[in-house]
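Chains, contacts and geometry: an overview
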Amino acid sequence: MHEAPPPAPSGPSASDVPPASAAAPPPSAALPPSAAQAEPLAHGLKQRHLTMLGLGGVIGAGLFVGSGAGIAVAGPAIVVSYVIAGALAMLVMRMLGEMSAAMPASGSFSVHAERALGRWAGFSVGWLYWFLLVVVLAVEATAAAQIAHGWVPAVEPWAWVLLFMVVFTVANLTAVKNFGEFEFWFASLKVGAIVVFLVLGGLAVFGLLPDTDPVGMANLTGQGGFLPNGWSGVVSGVLTVVFAFGGLEVVTIAAAETDDPARAVGRAVRSAVVRILFFYVGSMLVIVTVLPWTAQQAGLSPYVKVLDAIGVPSAGQIMNIVVFVALLSALNANLYGSSRMVFSLAERGEAPRGLLKVSGGGAGKGGGADGSSGQPGGVPRRAVLASVAFGFVSVLLNLLWPDTVFLYMLNSVGAVLLFVWALIAASQLRLRARLEREAPEALSLRMWCFPYLTWLTLAGLLGVLVLMLTDNAARPQVLWSAGATALVLLVAAGREWRERRAAPEKSGA
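Residues numbered from 1 in each chain as written. Predicted model: local features only at pLDDT ≥ 70, side-chain atom pairs only at ≥ 80, totals over all residues. Heavy atoms only, no water.

1. A look at the confidence of the model for the protein
The test is simple: Each residue gets a pLDDT score, which is the predictor's confidence in that residue and runs from 0 to 100. Each helix corresponds to a stretch of at least 4 residues labelled H or I by DSSP, and each strand to a stretch of at least 2 residues labelled E; elements are numbered beginning at the N terminus. A contact between two residues is defined here by any heavy atoms of the two lying within 4.5 Å.
In this model, the protein carries a mean pLDDT of 83, and residues with pLDDT of at least 70 account for 87%. Mean pLDDT values over the elements of the protein span from 34, in strand β1 (residues 16-17), up to 95, in helix α18 (residues 452-470). With pLDDT under 50 throughout, residues 3-29 is counted as low confidence; its partners more than four residues away or in other chains account for 88 contacts. The low-confidence segment residues 361-377, where pLDDT is below 50, has 42 contacts with residues more than four positions distant or belonging to other chains.

2. What about the packing of helix α6 (residues 119-151) against helix α15 (residues 381-400)?
Counted only if it meets this: Note on method: axes are straight lines fitted to C-alpha atoms, helices fitted across the in-contact stretch only, with angles between N-to-C directions ranging 0 to 180 degrees. Every angle not falling under 35 degrees, over 145, or within 65 to 115 is termed oblique; those three ranges are roughly parallel, roughly antiparallel and roughly perpendicular. Helix crossings are classified by the rotation of the near helix relative to the far one: an anticlockwise turn of less than a right angle makes the crossing left-handed, while a clockwise turn makes it right-handed. When residues are sorted by character, Ala, Val, Leu, Ile, Met, Phe, Trp, Tyr, Cys and Pro go into the nonpolar class, Asp, Glu, Lys and Arg into the charged class, and all the rest, Gly among them, into the polar class.
As a packed pair, α6 and α15 sit with axes 8 Å apart at the nearest point and diverge in direction by 50°. When the axes of α6 and α15 are compared, the pair comes out oblique. Crossing of α6 against α15: the hand is right-handed. Listed contacts from α15 to Trp-130, Phe-131, Val-134, Val-135, Leu-137, Ala-138, Val-139, Ala-141 and Thr-142 of α6 are Ala-386, Ser-387, Phe-390, Gly-391, Ser-394, Val-395, Asn-398 and Leu-399. Of the residues belonging to the contact of α6 with α15, the class tally is 12 nonpolar, five polar and no charged.

3. Let's talk about the packing of aromatic side chains
Our working definition: When two rings of Phe, Tyr or Trp (its six-membered ring) have centres within 6.5 Å they constitute a pair, described as stacked for plane angles under 30 degrees, edge-to-face for angles over 60, and tilted for the intermediate range. Each residue is placed in one exposure class: buried if its accessible area under a 1.4 Å probe, protein chains only, is under 20% of its type's maximum, exposed if it is over 50%, and partly exposed if it falls in between.
Under the definition given, this model contains 19 aromatic pairs. For the pair Trp-127 and Trp-130, a centre-to-centre distance of 5.4 Å together with 80° between the ring planes defines the contact as edge-to-face. A residue pair is termed a helical-turn pair when its members lie 3 or 4 positions apart in one helix, as Trp-127 and Trp-130 do in helix α6 at three residues. A relative accessible area of 5% means that Trp-130 is categorised as buried. With a centroid separation of 4.5 Å and an interplanar angle of 50°, the aromatic rings of Phe-197 and Tyr-303 are classed as tilted. With Phe-197 in helix α8 (residues 176-205) and Tyr-303 in helix α13 (residues 302-309), this pair connects stretches of sequence that are 106 residues apart. As far as burial versus exposure is concerned, Phe-197 and Tyr-303 are alike and both buried. Put simply, the rings of Trp-127, Trp-130, Phe-131 and Phe-390 pair up and form one aromatic cluster.

Below, the structure is given as structure tokens:
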């Protein structure tokens, strides 16, 4: 999951200027055309940044390492598990892409939920997603530090964590194009690694590598057959792998900082969803074809096993480097996504207004003071620092109390991604009809078979949650996440109740 950010307001700096929309009211119920409200953030991201963010955003440690657990429970049928989970993620992404192309905003689905369902929905999904990112960030930073510590034992893991956090904080405090460049090259390496793996694995299957014989279909049908644990194994596999698709949402958040958000997000979504499904399903098919599924173990990378089997030297170290890059990429993306989400909440009055300060030169639609894109400026530095502050707290809790305090925090976000996806689907159900009625020209990207596939997606998400409740390992995540969600909803309801009570008093005055 989110292999994929961030709270603590800092004092004002001389370079900070209030954005043009700082005093703007929350989004109204009326739907704007795709040109919507201008963001006070720099438009420094290019199409290539967004495309690679979409392709590489979900390729992380969950695929390279976590997939071993899925194979262990589903056998060769893990391919079916990935098809189901990937289809679910692809449908959610298509819905999100439709809304983001019509109404691009730095808060993405939080803004859409507010427009579709009310302020309580935008507040709830925004803060839940922010909390998810800053907690998962601690896992990524700690895991990357452990790998680096293995390479340089003289440097303690906490020092590596500090280094990573400082580097990516600085990158996110400067021009947004720096974040884009980091993610472009991180994603390029991950995508390149997957492509090389698919090519080598395909050659091994057909016996085209030196000193190899054709593998054939023996490993797909042996050791208990394609469904060694039956369809229950496929279901368990879905529960194991579905969260690995988390992270695609950041693409629609980042689209607001491109020159042409509607066109950029449409292209990124179209290119990403099918290719990601191909990378995931293709990788799993190669893995279970080259080696017996019984050779895989939870916690060990199946990619390393396959590369070792076909004679790639130093396969373990190669994959260590790839996983390390994947973790840093997720950390960087989560810092970015969390800062933009809390900034958007502040824009709508759902977070402290002090977080609205942006660096100089970013108040207009262009990135720089001269109106050109890509210039430094327009960075929500207070929102970045706020997110980083809580990220440091999460890392500290993970280092000091990984099996108690931090475990409870991790469980409390374990199923939040599914709640976020469900709210995205519910928002799209409401907004699609209104867009067709009020701004049909904004629907440049459309959800397939609306509304049937949207309802099917909602049913699928509910089904995953129910299945998690029946699984002993996953049940605590659902219960703790439900508790965290209920708490946020309670706060949202309390805010609306206070505002309703205050409204008559103001009108009377």
